[in-house]
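Architecture at a glance
Here are the chains, one letter per residue:
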Amino acid sequence: MTLKLYTKQPWKTLYLAYKFHAILLVLMPAWSITYMFTRPRPTWSWRHAMIVALIRQLTTLSVVMGNLHLPDYRAVRPDAEGIWIGGSPHLITAELSIWSAVAGVTSIDIPGYWYAKEGLDPRPTLPVGSDQRVFLFLHGGGFTLSSAHPKALTSNLPRSLVELVDDAPYALAVEYRLSSAYPFTEEHPFPTALLDALAGYNHLVSVMGYSPSNIIVVGDSAGGNIALALTRYLVENKDTTKVPLPGPPGRLLLSSPSVDLSQSHLTSGSSVLTHDMDILGDAYGDLRRVPYGRSAYVGPFGFGMASCNRYVSPASLSPLMQAQFKDFPRTFIIAGGAERLLDPMRTLRDRMLRDMGEADVTYHEAEDAIHDYLIFSWHPSRAATLTSVRKWLA
């Protein structure tokens, strides 16, 4: 069967039923015995190893399962503190205008969801104080999955961040449009998510009244890629007189960011190949395949764009890549020592250190931690990492 057939009924139900039974009746019993004697990482407990193996299997099924009826950009769900964020087509300039035209996309109204520190009003009271900081959150999900809504697993991150320091008690999560490609409808490729992130940022500045220097842009996994792209756009065009663009943010927080959508790190000995017990599936370590999310994100530009576009793959090792980080805000990069994407993140770290200096770049690598571990409340490295983030924010 082809992937297209797997996504159609009744084959989808039959395929998923087969896979779930295989996981429950074959794989899990095999793991449970194997991990009693040996584990992928010496610091992992039996339970830890079992959970990671299960998540890895479910990740490989995500293309077929879809977004599991999570909210999306088409409506604000009434069961959360949702708002409509106005589109910002008037802020599109420079290369972004060209990419938008090629992709056939523009800025539209999208939902956003507020997260508040426990005990406070569910959203900021206007006018906000001049000393108040705020998080702008861009969720992960491989550019094709998840949501800004509190029901999504990724919501654990903004929910935790607002509890860290008293002067940043709110986070606005942007319900950016998700990319999709064959065998589904081909829509919302790059730079759609960047346009939506820009609209969310502009809402904080122009509607809520936050100073750009008091905004902390946050992204995990694919959201980290979008957070980097948004920050780059604001930094590179900060002196433009063509559009009334807000200034760059005060800080940038990246959790397991996906920073090389090309396969330039897929070389012998690389973490992309050797860290095969991470939650990311084998597609990320196979030169013959392009992970679905990456293919959907680059869309009409083709996969070659992932090698040389600084907004898409700022850590690409291609000699065509010219990614500079001068004038970027203070940045905190979170990585897991067991991640497939560890080497690309180390490349990003080295390039930011080169251009920004040690004073403005903080890198936290948690030993034996998996991809995007900060969104998993059970992960043993989570508490120590959040403590480090708190110190960085202070």
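Look a little higher up for the structure.
Now for a description of the structure that goes with this document. Being a predicted model, the structure only gives us computed values, none of them experimental. (Residues numbered from 1 in each chain as written. Predicted model: local features only at pLDDT ≥ 70, side-chain atom pairs only at ≥ 80, totals over all residues. Heavy atoms only, no water.)

The next subject is helix 13 (residues 382-393). In an α-helix, one turn spans 3.6 residues, which is why side chains three or four residues apart end up on the same side. The end-to-end C-alpha distance of helix 13 is 16 Å, a good match for the 16 Å that 12 residues give at a rise of 1.5 Å each. By the burial criterion, the buried members of helix 13 are Arg382, Thr385, Leu386, Val389, Trp392 and Leu393. Buried residues of helix 13, seen end-on, are gathered within an arc of 115° and therefore sit on one face of the element. Exposed side chains of helix 13 directed beyond 90 degrees from the buried face belong to Ala383 and Lys391. Of the surrounding elements, those touching the buried residues of helix 13 are strand 3 (134-138), helix 6 (156-161), strand 5 (215-220), strand 6 (251-255), strand 7 (330-336) and strand 8 (361-366). (Helix = DSSP H or I, 4+ residues; strand = E, 2+ residues; numbered from the N terminus. Expected span 1.5 Å × (residues − 1). Buried < 20%, exposed > 50% of the residue type's maximum accessible area, 1.4 Å probe, protein only. Arc of directions from axis to C-beta. Contact = heavy atoms within 4.5 Å.)

A word on the packing of aromatic side chains. A complete count under the given rule lists 10 aromatic pairs for this structure. Look at phenylalanine 184 and tyrosine 292: their rings are 6.2 Å apart centre to centre, the planes differ by 75°, and that puts the pair in the edge-to-face class. Separated by 108 residues along the polypeptide, phenylalanine 184 in the loop between strand 4 (170-174) and helix 7 (192-207) and tyrosine 292 in helix 10 (residues 292-298) bring together distant segments of the chain. With a relative accessible area of 16%, tyrosine 292 lands in the buried category. Both rings, one in phenylalanine 325 and one in phenylalanine 328, keep their centres 5.2 Å apart while their planes meet at 70°; by these two values the pair is edge-to-face. Pair check on accessibility: phenylalanine 325 and phenylalanine 328 agree, each one buried. Ring pairing ties together the aromatic residues Trp99, Phe143, Phe190, Tyr297, Phe301 and Tyr311, which thus form one cluster. Geometry around phenylalanine 325 places arginine 232 over its ring, the cationic atom sitting 4.9 Å from the centre. Over the ring of tyrosine 363 we find arginine 349, and its NZ or CZ is 4.7 Å from the ring centre. (Phe/Tyr/Trp six-rings, centres within 6.5 Å; stacked < 30°, edge-to-face > 60°. Lys NZ or Arg CZ within 6 Å of the ring centre and 35° of its normal.)

Below, the discussion takes up the environment of serine 295. Note on placement: serine 295 falls in helix 10. Overall, serine 295 belongs to the partly exposed group, its relative accessible area being 35%. As for serine 295 and leucine 120, which are separated by 175 residues in sequence, their C-alpha atoms are 41 Å apart.

For the rest of this paragraph, the subject is the layout of surface pockets. The gaps of empty space that remain are located by a probe, the size of a water molecule, rolled over the atoms. Within this model, the largest pocket holds a volume of roughly 1,300 Å³. If you trace the largest pocket, you find 48 residues lining it, with Leu58, Thr59, Thr60, Ser62 and Leu145 closest to the centre. Where the lining of the largest pocket is concerned, the elements lending two or more residues are helix 1 (3-6), helix 3 (46-60), helix 4 (62-65) and helix 10. Tallied by class, the residues present in the lining of the largest pocket amount to 26 nonpolar, 16 polar and 6 charged. (1 Å grid on protein atoms, 1.4 Å probe; cavity = no way out; pocket = protein on both sides within 12 Å on 5 of 7 lines; lining within 4 Å. Points joined across faces, edges and corners; volume = space filled by probe spheres on them. Nonpolar A, V, L, I, M, F, W, Y, C, P; charged D, E, K, R; others polar.)

Counting buried positions along strand 5 yields 6 of 6 residues, so the element is predominantly enclosed. Both faces of strand 5 are covered, namely the face carrying Ile215, Val217 and Gly219 and the face carrying Ile216, Val218 and Asp220. Direction of pairing for strand 5 relative to strand 6: parallel, over a ladder of 5 bridges. Bridge assignment links aspartate 220 to a residue of strand 6, and that residue is serine 255. On the question of chirality, the crossover connecting strand 5 to the parallel strand 6 by way of helix 8 (residues 222-236) is right-handed. (Pairing = 2+ DSSP bridges. Right-handed = clockwise from strand over helix to strand, strands pointing away.)

Bringing the packing of helix 7 against helix 8 into the picture now. Look at helix 7 against helix 8: their axes get within 9 Å of each other, and the N-to-C directions meet at 65°. Between helix 7 and helix 8, the angle falls in the class roughly perpendicular. Judged by the sense of rotation from one axis to the other, the crossing of helix 7 with helix 8 is right-handed. Taking contact as the criterion, the partners of Ala193, Leu194, Ala197, Leu198 and Tyr201 in helix 7 are, on helix 8, Ile226, Ala229, Leu230, Tyr233 and Leu234. (Axes fitted to C-alpha atoms, helices over the stretch in contact; angles between N-to-C directions. Parallel < 35°, antiparallel > 145°, perpendicular 65-115°, else oblique. Left-handed = near helix turned anticlockwise from the far one by under 90°.)

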